[in-house]
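Chain by chain, the residues run as shown.
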Amino acid sequence: MSFVEYSEFIQEGDVAIIFLGHDSMMPVKVQQGSQTQTRYGVIRHSKDLIGQRFGTKVTCGKGGWVYVLHPTPELWTLNLPHRTQILYTTDIANITMMLELKPASVVCESGTGSGSLSHAILRTIAPTGHLHTVEFHQQRAEKAEEEFREHRVGHLVTVRNQDVCKEGFGVTGVADAVFLDIPSPWEAVQHAKNAMKRQGGRLCSFSPCIEQVQKTCAALADEGFEEISTLEVLLKVHDVRTITLPLPDFGPDRPLETPTDTPVPSNTSVLCKTTTPPREMAGHTGYLTFATKPRV
Ligand SMILES: C[S@@+](CC[C@H](N)C(=O)[O-])C[C@H]1O[C@@H](n2cnc3c(N)ncnc32)[C@H](O)[C@@H]1O
């Protein structure tokens, strides 16, 4: 298993996602002799996981069952251990598209945080791209590096433990795209420009507050960035439901020829499949500011 390549069979050392039901999942590190407790009973790694196909339905100790899924960046985002606030797939999907990421892209990112966005970037730029990610919190930087190795994407990423606002990304003239998720992104704009290729590229900065956006846009304009635009993406999830709608009663409706003693079938309700408006909607995550560095 790797986060950038699909494998058919579960092996020792893999990460597997245990799917317990709608909105209920947990990640496990597969280890010979290990056990994982779930509300449906125990999963024995040696017997129930190792050598089985990803996607298998596993019967647990108490007779209940779970599905064992191959990890993806999207599933990891929903299951990863939080060390910081993270980005979710709705924002990540737009970031990946608007930064024009593709296999072989070179990307700079700061901060690494919990590595939620990093995994999606790595999957998109594999097998020949590279991610330079900067995190000034030492334990977070070390933990992210360890996770990238465990997820077998370590060859695609360099983690630097430094302050991006003071020391930049540690590379010059190599990046096709830069992504910022730090409290003062305007202080890193010049470093971002220096990290990017001479022929230009794309930048994105994520900020929760509009005051941060204003400062970032001003810094981007000062540094000669073009096509500056800020947007917010809101997700609306619809539930599918079968509902019963009552039919209006307009009285007997018999054709003219029908004798009066023939019973007329009366349907009082109809079943239909529909979507209901979301009961709750995810609120504001942050503003996404995009810009282009022109060719010099
Ligand atoms: C909100 S988290 C990033 C989350 C990440 N985008 C994810 O999806 O998991 C912000 C991270 O930036 C780091 N950070 C803040 N300012 C920084 C700076 N000047 N240089 C490097 N890292 C910084 C913080 O330590 C924190 O881990």
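In this text, all values refer to a predicted model and were calculated from it rather than measured experimentally.

Caption draft 1: Broad picture of the overall build of the protein chain. A count of helical and extended segments in the protein chain gives eight helices and 15 strands. Against the 2.2 N^0.38 benchmark of 19 Å for 296 residues, the protein chain shows a C-alpha radius of gyration of 26 Å, more extended than a compact globule. Dimensions of the protein chain, computed from C-alpha atoms along their principal axes, come out at roughly 90 × 55 × 30 Å. Within the protein chain, residue pairs in contact and separated by at least 24 positions form 64% of the contacts whose partners lie at least 6 positions apart. With 28 positive and 33 negative side-chain charges, the protein chain shows a separation of 5 Å between the mean positions of the two kinds.

Caption draft 2: Expanded view of the nonpolar core. Residues Ile-95, Leu-122 and Phe-179 are the most contacted members of the largest nonpolar core, which totals 46 residues. With five residues, the single largest contributor to this core is helix α4 (residues 116-125). Residues in contact with Leu-122, not counting those within four places in the same chain, are Val-4, Leu-131, Phe-148, Val-153, Leu-156 and Val-157. In this structure, Cys-165, Met-196, Ala-219 and Ala-291 belong to the second largest nonpolar core, which totals 20 residues.

Caption draft 3: Representation of the pattern of salt bridges in the model. Summed over the entire model, instances satisfying the criterion amount to 12 salt bridges. The residue Asp-163 makes a salt bridge to Lys-166 at a minimum N-O spacing of 3.5 Å. Lys-193 is the salt-bridge partner of Glu-223, the closest N and O atoms lying 3.4 Å from each other. Here Lys-193 lies in helix α7 (residues 189-195) and Glu-223 lies in the loop between α8 (210-222) and β12 (226-231), a separation of 30 residues in the sequence. The class of Lys-193 is partly exposed, set by a relative accessible area of 25%.

Caption draft 4: Structural detail: the sheet that holds strand β11 (residues 201-207). An order of β9-β8-β7-β10-β11-β15-β12 is seen for the seven strands of this open sheet, with the pairing classed as mixed. Two strands in the sheet have a free side with no partner beyond their single neighbour: β9 (157-160) and β12. Taken pair by pair, the neighbouring strands of this sheet meet at an average axis angle of 15°, ignoring direction. Both strand β10 (residues 177-180) and β11 contribute to a ladder of four bridges, which runs parallel. Paired with Val-178 across the strands is Leu-203, a residue of β11.

Caption draft 5: Expanded view of the packing of helix α3 (residues 89-98) against α4. With their axes 10 Å apart at the nearest point, α3 and α4 run at an angle of 40° to one another. It follows that α3 is oblique to α4 by the angle criterion. Where α3 crosses over α4, the two elements pack in a sense that is right-handed. Residue-level inspection shows Ile-92, Ile-95 and Thr-96 of α3 in contact with α4, the latter providing Ser-116, Leu-117, Ala-120 and Thr-124.

Caption draft 6: The arrangement of the sheet that holds strand β2 (residues 24-29) in detail. Overall, antiparallel pairing links the four strands, which are arranged β2-β1-β6-β5 in an open sheet. Where the open sheet ends on each side, the last strands, each with one partner, are β2 and β5 (57-59). In this sheet, adjacent strand axes meet at a mean angle of 35° when their direction is disregarded. Two elements, strand β1 (residues 15-21) and strand β6 (residues 65-69), share three bridges in a ladder whose sense is antiparallel. Paired with Phe-19 across the two strands is Tyr-67, which belongs to β6.

Caption draft 7: Quick peek at the site of the ligand. Near the ligand, the surroundings consist of 24 residues, among which Glu-135, Arg-140, Asp-163, Val-164 and Asp-181 are the closest. At 3.1 Å from an oxygen atom of the ligand is found a main-chain nitrogen or oxygen belonging to Ser-116. At 3.2 Å from a nitrogen atom of the ligand is found a main-chain nitrogen or oxygen belonging to Phe-136. Of all the elements in the fold, those that place two or more residues in the shell around the ligand are α4 and α6 (164-167). When its residues are assigned to classes, the shell around the ligand shows nine nonpolar, 11 polar and four charged.

Rules used throughout
Residues numbered from 1 in each chain as written. Predicted model: local features only at pLDDT ≥ 70, side-chain atom pairs only at ≥ 80, totals over all residues. Heavy atoms only, no water. Helix = DSSP H or I, 4+ residues; strand = E, 2+ residues; numbered from the N terminus. Rg over C-alpha atoms; globule rule 2.2 N^0.38 Å. Contact = heavy atoms within 4.5 Å. Lys, Arg positive; Asp, Glu negative; His and termini not counted. Charge placed at Lys NZ, Arg CZ, Asp CG, Glu CD. Core = buried A, V, L, I, M, F, W, Y, C linked by side-chain atoms within 4.5 Å. Buried < 20%, exposed > 50% of the residue type's maximum accessible area, 1.4 Å probe, protein only. Salt bridge = Lys/Arg side-chain N within 4 Å of Asp/Glu carboxyl O. Pairing = 2+ DSSP bridges. Axes fitted to C-alpha atoms, helices over the stretch in contact; angles between N-to-C directions. Parallel < 35°, antiparallel > 145°, perpendicular 65-115°, else oblique. Left-handed = near helix turned anticlockwise from the far one by under 90°. Near = heavy atom within 4 Å. Polar contact = N/O pair within 3.5 Å; in protein donor to acceptor, adjacent residues only side chain to side chain. Nonpolar A, V, L, I, M, F, W, Y, C, P; charged D, E, K, R; others polar.

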